[in-house]
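# Structural features, examined
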Amino acid sequence: MGYFAVAFSLGIIAAKAGLTPAEGFFSSFFTRASAGEYGTYTLVAVQAAYAEVVAMCLVVNLRYMLMSAALSQKIAPGTSWLHRLLMACCVTDEVFGISVAHPGYTPPAYTYAAALISSLFWASGCAVGIMAGSLLPQPMVTALSMSLYGMFLAIIIPPVHEDRNVLWALIASFVLSGLCAVAPVTGEWSSGMRTVVLTIIISAVAAWIKPINVDDDGAA
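What you see is a predicted model, and the numbers here were worked out from it, not measured in a lab.

The rules behind the values
Residues numbered from 1 in each chain as written. Predicted model: local features only at pLDDT ≥ 70, side-chain atom pairs only at ≥ 80, totals over all residues. Heavy atoms only, no water. Salt bridge = Lys/Arg side-chain N within 4 Å of Asp/Glu carboxyl O. Helix = DSSP H or I, 4+ residues; strand = E, 2+ residues; numbered from the N terminus. Buried < 20%, exposed > 50% of the residue type's maximum accessible area, 1.4 Å probe, protein only. Core = buried A, V, L, I, M, F, W, Y, C linked by side-chain atoms within 4.5 Å. Contact = heavy atoms within 4.5 Å. pLDDT = per-residue confidence, 0-100. Phe/Tyr/Trp six-rings, centres within 6.5 Å; stacked < 30°, edge-to-face > 60°. Lys NZ or Arg CZ within 6 Å of the ring centre and 35° of its normal. Axes fitted to C-alpha atoms, helices over the stretch in contact; angles between N-to-C directions. Parallel < 35°, antiparallel > 145°, perpendicular 65-115°, else oblique. Left-handed = near helix turned anticlockwise from the far one by under 90°. Nonpolar A, V, L, I, M, F, W, Y, C, P; charged D, E, K, R; others polar. Expected span 1.5 Å × (residues − 1). Patch = residues over 30% accessible without salt bridge, like charges linked within 9 Å, V, L, I, M, F, W, Y side chains within 5 Å. Areas by Shrake-Rupley, 256 points an atom, 1.4 Å probe, with all protein chains shown as cover.

Right, let's get into the pattern of salt bridges. Inspection of the entire model under this criterion finds one salt bridge. Across the salt bridge formed by Arg-63 and Asp-93, the nearest N and O atoms sit 3.1 Å from each other. Taken together, the residues span a long stretch of sequence, with Arg-63 in helix α5 (residues 63-72) and Asp-93 in helix α7 (residues 93-101) at a distance of 30 residues. We classify Arg-63 as buried; its relative accessible area is 12%.

Now the structure itself:
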């Protein structure tokens, strides 16, 4: 429902850009990135060039490159390159979160199922948002969107209870992310770029201070 609510608000933006419900459904199904889609629909509304749209999506969604690299360590040896490629195409913030939290190696079917369910709700929400336009009051759309943050909390809270090192890394992420957003230089970067830089720095420091021993079956 969190996916549906956020995609619904994106659908309203897509409607203003002139997209039909079918176009909104397929664009959301294959993009599945709120910041990327918001930028795409904004550029479509001003009839920007294709190169601008591609460049914007690449920069905003750079964090998925890091997520895919991390997820590759959760794939069992011997998994075909086709499964690896398809699993990379399934990566979103939430799908990545539950895939890396899966005990042991993550089966491709697990990631596929999570991506299929979430993508259908995401794409449907965008299509319904385009059809509904601005029928729902903005406060209601905003309230529904809060459920997505609940999804994030459900992903990060269990590991925090099990490992205090994760808690400190999480606190560092929140603090540094807020500081970098208002800092003179980093504040001018895109949110995707800040996420990539902070992820590399915080994860490298955490891995150096508190390395994790991994068994042969991929379990920590």
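From this point, the discussion proceeds with the structure in view.
In this section: the environment of Gly-39. Tracing the backbone shows Gly-39 in helix α3 (residues 34-45). Along the backbone, Gly-39 and Met-56 are 17 residues apart, and their C-alpha atoms lie at a distance of 7.2 Å.

What follows covers the nonpolar core. If you look at the biggest cluster of nonpolar residues, it comprises 11 residues: Tyr-3, Val-6, Ala-7, Leu-10, Ala-14, Ala-17, Leu-19, Tyr-41, Trp-122, Cys-126 and Ile-130. Those elements that place two or more of their residues in this core are α1 (2-16) and α8 (108-132). Examining the composition of this core, we find that five residues originate from one element, α1, more than from any other. Among all residues touching Ala-17, those that are not within four sequence positions of it are Tyr-41, Val-44 and Ala-45. Counting six residues, the second-largest nonpolar core is a separate cluster that includes Ala-33, Tyr-64, Met-67 and Val-91.

Our focus in this paragraph is the confidence of the model for the protein chain. Detailed reading of predicted coordinates is not advised where the pLDDT is low. In this model, the protein chain carries an average pLDDT of 83, and 87% of its residues clear a pLDDT of 70 or more. When mean pLDDT is compared element by element in the protein chain, helix α6 (residues 81-89) scores highest at 92, while helix α9 (residues 138-162) scores lowest at 69.

This part covers the packing of aromatic side chains. Considering all chains together, one arrives at four aromatic pairs under this definition. Counting every residue linked through ring pairs, the aromatic cluster contains Phe-25, Phe-26, Phe-29 and Phe-30. The lysine or arginine in question, Arg-63, covers the ring of Tyr-64, its NZ or CZ lying 4.5 Å from the ring centre.

One way to put it is that α7 packs onto α8 with a least axis distance of 10 Å and a crossing angle of 155°. Taken together, the axis directions place α7 and α8 in an arrangement best described as roughly antiparallel. By crossing handedness, the relation of α7 to α8 is classed as right-handed. Every residue of α8 that contacts α7 at Val-95, Ile-98 and Ser-99 is listed here: Tyr-110, Thr-111, Ala-114, Ala-115 and Ser-118. A per-class count over the contact of α7 with α8 returns five nonpolar, three polar and no charged.

For the rest of this paragraph, the subject is α3. Here α3 spans 16 Å end to end across 12 residues, near enough to the 16 Å set by a 1.5 Å rise per residue. Looking at α3, one finds that the buried residues are Gly-36, Glu-37, Gly-39, Thr-40, Tyr-41 and Leu-43. Taken together, the buried residues of α3 touch α1, α2 (21-31), α4 (50-60) and α8.

To continue, consider the environment of Tyr-105. One can find Tyr-105 in the loop between α7 and α8. Expressed as a C-alpha distance, the spacing of Tyr-105 and Ala-76, which sit 29 residues apart in the sequence, is 5.6 Å.

Let us look at unusual backbone geometry. Even without a glycine there, the phi angle at Arg-32 is positive, about 55°. Positionally, Arg-32 belongs in the loop between α2 and α3. One non-glycine residue, Gln-47, lies in the positive phi region at around 55°.

Turning our eyes to something else, we now look at the side chain of Asn-61. If you trace the backbone, Asn-61 turns up in the loop between α4 and α5. For Asn-61, a relative accessible area of 16% corresponds to the buried category.

Looking now at a nonpolar patch on the surface. A surface patch of nonpolar side chains, about 610 Å² in accessible area, is lined by Trp-168, Ile-171, Phe-174, Val-175, Leu-176 and Leu-179. Within the secondary structure, Leu-179 is located in helix α10 (residues 164-182).

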